[in-house]
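Working through the structure, step by step
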Amino acid sequence: MKLIRMLGRSIRDAFKSVIRNFSLSLASISCITITLIIVAIAIIASFNVQNFTQEIEKDLTIVVFMENDCKEEDIETMKDTLQRKNNIAKYTYQSKEKVKSEMMEEYDVFNSVMKDWDKDDNPLRDTFKIKVKDVEKIGNTAKELKKEKNVAVVQYGEGMVEKLVNAFSSVEKVAYGVVIALVVVTVFLIINTIKLTIFSRKREIGIMRLVGASNFSIKIPFIIEGMILGLFGSILPVVLTTYGYLAFYKHFNGFLFTKLIELIPPEPFIYQASLIIIVIGIIVGMIGSASAVRKYLKV
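**Points about the overall build of the chain**
Within the chain one finds 10 helices and 6 strands. Per-residue burial for the chain yields a buried fraction of 40% across its 299 residues. Sequence separation of at least 24 residues holds for 81% of the intrachain contacts in the chain that already meet a minimum separation of 6. Carbon together with sulfur atoms contributes 62% to the accessible area of the chain, which is approximately 17,700 Å² in total.

Structure below.
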């Protein structure tokens with residue numbers, strides 16, 4: 001009960017302190033707001049880069065062409081082999097007759113050429129279209145499949161796929177690095193801004209320390225005050241993130257420049273991004289206040 005009363009009193013004192021030191025509190029909130037807006041932009045960019053990378057990776061496919069003379073039991077053996085492979089997520093099988101019928105339906109010129117082919121005349125091959133679990137291992141998986149019996153050709157965009165995966169991986173790491181760097185800079189700026197607020201009240205802290213207040217009871221109101229400043233500072237970034245991303249998404253119809261680059265749908269993404277921004281604001285406010293008040297706890 002004593003802890004609850006002390007916590008309630010600390011929250012009340014923290015709100016009073018924010019109002020009493022309004023000009024300095026406003027400076028801290030403004031600093032938090034500006035830096036969190038930049039962090040919000042970086043978060044949106046990094047999440048969309050990650051989404052784009054994952055969508056591209058989903059489309060990467062290994063195509064296995066079987067030998068022309070392979071039999072039904074050879075196809076079944078190949079299916080069993082694919083099910084045992086660790087890196088294979090799923091596969092689809094198309095017989096050469098099905099490939100022929102699809103080509104005939106899609107193009108009239110193929111229809112005129114292929115309509116007289118019977119099963120023995122069909123030069124097309126039975127195929128397996130394979131999706132892998134780990135795109136970074138797609139090359140090794142393709143090499144393993146080439147060694148299988150009755151496999152004629154394996155195609156997956158060799159060379160280009162590896163470069164594409166490496167490029168996306170690098171961009172993703174850079175995006176996350178920018179977010180982390182911005183959060184660190186935000187903490188640094190907030191600590192220094194809040195230090196100004198704490199410095200103006202160092203006499204108050206000294207008096208509390210002299211009358212026997214514990215370090216914990218002194219720090220708690222300041223930490224809660226930092227949480228409040230962080231929460232208030234995150235309001236505008238959250239509003240801009242929510243309505244700004246909605247407008248951005250609608251303006252580009254869900255795609256950035258080309259339909260290959262699909263943006264993340266606003267819901268629930270804007271709520272997740274807003275929650276991250278609020279949490280960052282509160283945490284850095286707490287860290288800033290705790291760090292700033294620590295040096296004044298000794299008289």
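Additional details are given in the paragraphs that follow.
**Side note on the sheet that holds strand β3 (residues 127–132)**
The strand order across the open sheet formed by 4 strands is β2-β3-β1-β4, and the pairing between neighbours is antiparallel. Looking at which strands have only one partner, the edges of the open sheet turn out to be β2 (88–94) and β4 (151–155). The sheet shows a mean angle of 20° between the axes of neighbouring strands, direction not considered. Across the sheet, helix α3 (residues 72–84) touches β1 (62–66), β2, β3 and β4, and the angle it forms with β2 is around 165°.

**Digging into the side chain of T127**
Along the chain, T127 falls in strand β3. For T127, a relative accessible area of 6% puts it in the buried group.

**A word on the nonpolar core**
Counting 19 residues, the largest nonpolar core has I62, V64, M66, M78, F128, I130 and L145 as its most contacted members. Within the residue set of this core, elements represented by two or more residues are β1, α3, β3, α6 (138–146) and β4. By size, the runner-up hydrophobic cluster in this structure holds 14 residues, among which are I32, I43, V238 and V284.

**Overview of the environment of V174**
Relative to the elements of secondary structure, V174 occurs in helix α7 (residues 160–199). On the basis of relative accessible area, V174 is assigned to the exposed category, the value being 53%. Sequence-wise, V174 and S46 are 128 residues apart; in three dimensions their C-alpha atoms are separated by 8.5 Å.

**Section: the pattern of salt bridges**
Going through the model one piece at a time under the given rule, you end up with 4 salt bridges. Residue E144 is joined to K85 by a salt bridge in which the shortest nitrogen-to-oxygen separation is 3.5 Å. Within this pair, whereas E144 is found in helix α6, its partner K85 is found in the loop between α3 and β2, the two being separated by 59 residues in sequence. Its relative accessible area of 39% is what places E144 among the partly exposed residues. On the accessibility criterion, K85 (18% relative accessible area) is buried. By sharing partners, the salt bridges in this structure join K85, E144 and E148 into a single network.

**Digging into the confidence of the model for the chain**
Low-confidence regions, as indicated by low pLDDT, have predicted coordinates that should not be scrutinised in detail. On average, residues of the chain carry a pLDDT of 76, and 74% of them reach 70 or more. Looking at the elements of the chain, mean pLDDT is at its lowest for helix α1 (residues 2–20), recorded as 66, and at its highest for β3, recorded as 85.

**A few points about unusual backbone geometry**
Here the bond from E267 into P268 is cis, since omega is 5°, no more than 30 degrees from zero. Here P268 is to be found in helix α10 (residues 266–294). The backbone of N150 sits at a positive phi, close to 70°, despite the residue not being glycine. Mapped onto the elements of the fold, N150 is located in the loop between α6 and β4.

The rules behind each value
Residues numbered from 1 in each chain as written. Predicted model: local features only at pLDDT ≥ 70, side-chain atom pairs only at ≥ 80, totals over all residues. Heavy atoms only, no water. Helix = DSSP H or I, 4+ residues; strand = E, 2+ residues; numbered from the N terminus. Buried < 20%, exposed > 50% of the residue type's maximum accessible area, 1.4 Å probe, protein only. Contact = heavy atoms within 4.5 Å. Areas by Shrake-Rupley, 256 points an atom, 1.4 Å probe, with all protein chains shown as cover. Pairing = 2+ DSSP bridges. Axes fitted to C-alpha atoms, helices over the stretch in contact; angles between N-to-C directions. Core = buried A, V, L, I, M, F, W, Y, C linked by side-chain atoms within 4.5 Å. Salt bridge = Lys/Arg side-chain N within 4 Å of Asp/Glu carboxyl O. pLDDT = per-residue confidence, 0-100.

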